[in-house]
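# Remarks on the overall topology
Single-letter residue listing:
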Amino acid sequence: MKRTIIRKNLSNHLKKNKWQYLFVFLSIFSGILAGSLTASMSAADKFEPIDLYVRNFVSAYNLQTVNGAEIFRFSVYNSVKVILFMWVSGLCVWFMPLSLVQLGAKGYKLGISMAAFVRIFGVRGILFAVISALPQLLLFLPAMAAYAVFNIKFSMTLLRMRGQRVASNIKNEMYLNNFLHLLGIITVSVMCSLADAFVMPIILKPVCAFLIR
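Rules of the game
Residue indices follow the written sequence of each chain, beginning from 1 at its first position. Two thresholds apply to this predicted model, a pLDDT of at least 70 for residue-level local features and 80 or more for giving and counting side-chain atom pairs, whereas whole-chain, interface and lining totals are computed over all residues. Hydrogens and water molecules were not included; the side-chain quantities draw on all heavy atoms of the structure. Segments assigned H or I by DSSP are reported as helices when at least four residues long, segments assigned E as strands when at least two residues long, and all are numbered from the N terminus. Buried, partly exposed and exposed residues are distinguished by accessible area as a fraction of the type maximum, computed with a 1.4 Å probe on protein chains only: under 20%, between the cut-offs, and over 50%, respectively. Residues count as neighbours in contact if any of their non-hydrogen atoms are within 4.5 Å of one another. In this description, accessible areas are obtained by the Shrake-Rupley approach with a 1.4 Å probe, and a residue is regarded as covered only by the protein chains that are shown. Given the number of residues in a helix, its expected span is that number minus one, multiplied by 1.5 Å. We call Phe, Tyr and Trp rings a pair once their centres come within 6.5 Å, taking the six-membered ring for Trp, and we label the pair stacked below 30 degrees between planes, edge-to-face above 60, and tilted otherwise. For a Lys NZ or an Arg CZ to count as sitting over a ring, it must be within 6 Å of the ring centre and within 35 degrees of the ring normal. Every axis in this analysis is a line fitted to C-alpha atoms, fitted for helices over the stretch in contact. Angles between the N-to-C directions lie between 0 and 180 degrees. Between 65 and 115 degrees an angle is taken as roughly perpendicular, under 35 as roughly parallel, over 145 as roughly antiparallel, and anywhere else as oblique. Each helix crossing is assigned a hand: it is left-handed if the near helix lies turned anticlockwise from the far helix by less than a right angle, otherwise right-handed if that turn is clockwise. Residue polarity follows a fixed list, in which Ala, Val, Leu, Ile, Met, Phe, Trp, Tyr, Cys and Pro are nonpolar, Asp, Glu, Lys and Arg are charged, and the others, Gly among them, are polar. Here a polar contact is recorded for every N or O atom pair within 3.5 Å, except that within protein the pair must consist of a potential hydrogen donor and a potential acceptor, and residues adjacent in sequence are included only if both atoms are side-chain atoms. The nonpolar core is taken to be a set of buried Ala, Val, Leu, Ile, Met, Phe, Trp, Tyr and Cys residues, with the residues joined through side-chain atoms within 4.5 Å. Throughout this description, the term salt bridge denotes a Lys or Arg side-chain nitrogen within 4 Å of a carboxyl oxygen of Asp or Glu.

Before going further, it helps to examine the overall build of the protein. Helix and strand content of the protein: eight helices and zero strands. Going from N to C terminus, the protein has its helices and strands arranged as α-α-α-α-α-α-α-α. By its C-alpha atoms, the protein is 65 × 40 × 35 Å across when sized along the principal axes. For the protein, buried positions account for 39% of its 213 residues. Relative to all contacts within the protein whose residues are 6 or more apart in sequence, the contacts with residues 24 or more apart total 84%. Summed over its atoms, the accessible surface of the protein is roughly 12,800 Å², and 70% of this surface lies on carbon and sulfur atoms.

Right, here's the structure in full:
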């Protein structure tokens, strides 16, 4: 019964906000495509630094010399930086399009990473690219998309409220809801960072050994 209600509510939410989700996912996938093309079509001399970084990355995972705490701090810092930028953009109505740019940039980085593994290791690189990106693809990017849609709706509501008298309790409830959504997406980003830092190295070790054998 609960699953049916959740599925129905989710379906209604997606139908109600289909155009917002369309623009959000177009931004993400355009970024991924642009990043993939950049890594795939770069000249050998320009791709060399990426090649060196990727090979060192794979070797570190294979030897289990990665610093989980350092990966966690770096991942949280980068994710929260993007989230806070999106949050501020949502509060400042005219900066809202910058949130889509941020999502595109996130997709661009992911696209470069995945395409670089495929270019360097061929078919075997696809396995590593997909597995290493799972926390991003399955959890963080969908959550970021949902948060971006919420921010778009919040900004449009602020725009419609301009010049109108709105009760203070309604405004307070709106901003509280906005803050709770912010805490929710930050929590998701921390979960993804924990997975990247302490779970993925264990999973990726045999994959790395397969790549460099």
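Attention shifts here to helix α5 (residues 97-121). In a regular helix each residue adds 1.5 Å, so 25 residues correspond to 36 Å; α5 covers 37 Å between its end C-alpha atoms and thus fits that length. The first or second residue beyond α5 is Gly122, which carries a positive phi of 70°.

A word on the packing of aromatic side chains. Counting across every chain of the model gives six aromatic pairs. Consider the rings of Tyr147 and Phe150, whose centres lie 6.4 Å apart with planes at 25°: the pair is stacked. In this pair, Tyr147 and Phe150 are both assigned in helix α7 (residues 134-161), three residues apart and thus about one turn of the helix distant. Overall, Tyr147 belongs to the buried group, its relative accessible area being 3%. Above the plane of the ring of Phe47 lies Arg119, whose end atom (NZ or CZ) is 4.0 Å from the centre.

Here we come to the packing of α5 against helix α6 (residues 123-132). At their nearest, the axes of α5 and α6 sit 6 Å apart, and the two run at 155° to each other. Here α6 runs roughly antiparallel to α5, going by the angle between their axes. Considering how the two elements wind past one another, α5 and α6 form a crossing that is right-handed. Residues Met114, Phe117, Val118 and Phe121 of α5 lie in contact with α6, whose contacting residues are Val123, Arg124, Gly125, Ile126, Phe128 and Ala129. Partitioned by chemical class, the residues of the contact of α5 with α6 number eight nonpolar, one polar and one charged.

Assignment of secondary structure puts Ser27 in helix α2 (residues 18-41). The buried category is assigned to Ser27, whose relative accessible area is 16%. Polar side-chain contacts of Ser27 include one of 3.0 Å to the backbone oxygen of Phe23. In this view, Ser27 contacts Leu100 and Gly104; residues no more than four positions away in its chain are not counted.

A few words now on α2. With 24 residues, α2 should reach 34 Å at 1.5 Å per residue; the first-to-last C-alpha distance of 33 Å fits that figure. Residues of α2 that are buried: Tyr21, Val24, Ser27, Ile28, Gly31, Ile32, Gly35 and Ala39.

Before going further, it helps to examine the nonpolar core. One finds Val24 and Met144 to be the most contacted residues of the largest nonpolar core, which totals 43 residues. For this core, the elements supplying multiple residues, two or more each, are α2, α3 (44-63), α4 (68-91), α5, α6, α7 and α8 (168-212). Sorting elements by how many residues they give to this core places α7 first, with ten residues. Excluding residues within four positions of it along the chain, Met144 makes contact with Val82, Ile83, Met86, Leu103 and Ile185. Judged by nonpolar contacts, the second largest core, of five residues, contains Val93, Phe154, Leu158 and Met174.

It is worth spelling out the pattern of salt bridges at this point. Oppositely charged side chains are able to pair whenever their charged atoms sit close together. According to the stated counting rule, one finds one salt bridge in the structure shown. Its salt-bridge partner being Glu70, residue Arg73 comes within 2.6 Å of it at the nearest N-O pair. Separated by three residues within a single helix, Arg73 and Glu70 lie in helix α4, roughly one turn from each other.

Glancing now at the environment of Asp45. By the secondary structure assignment, Asp45 is in helix α3. Spatially, the C-alpha atom of Asp45 lies 32 Å from that of Leu98, the residues being 53 residues apart in sequence.

Keep in mind these numbers describe shape, not what the thing actually does.
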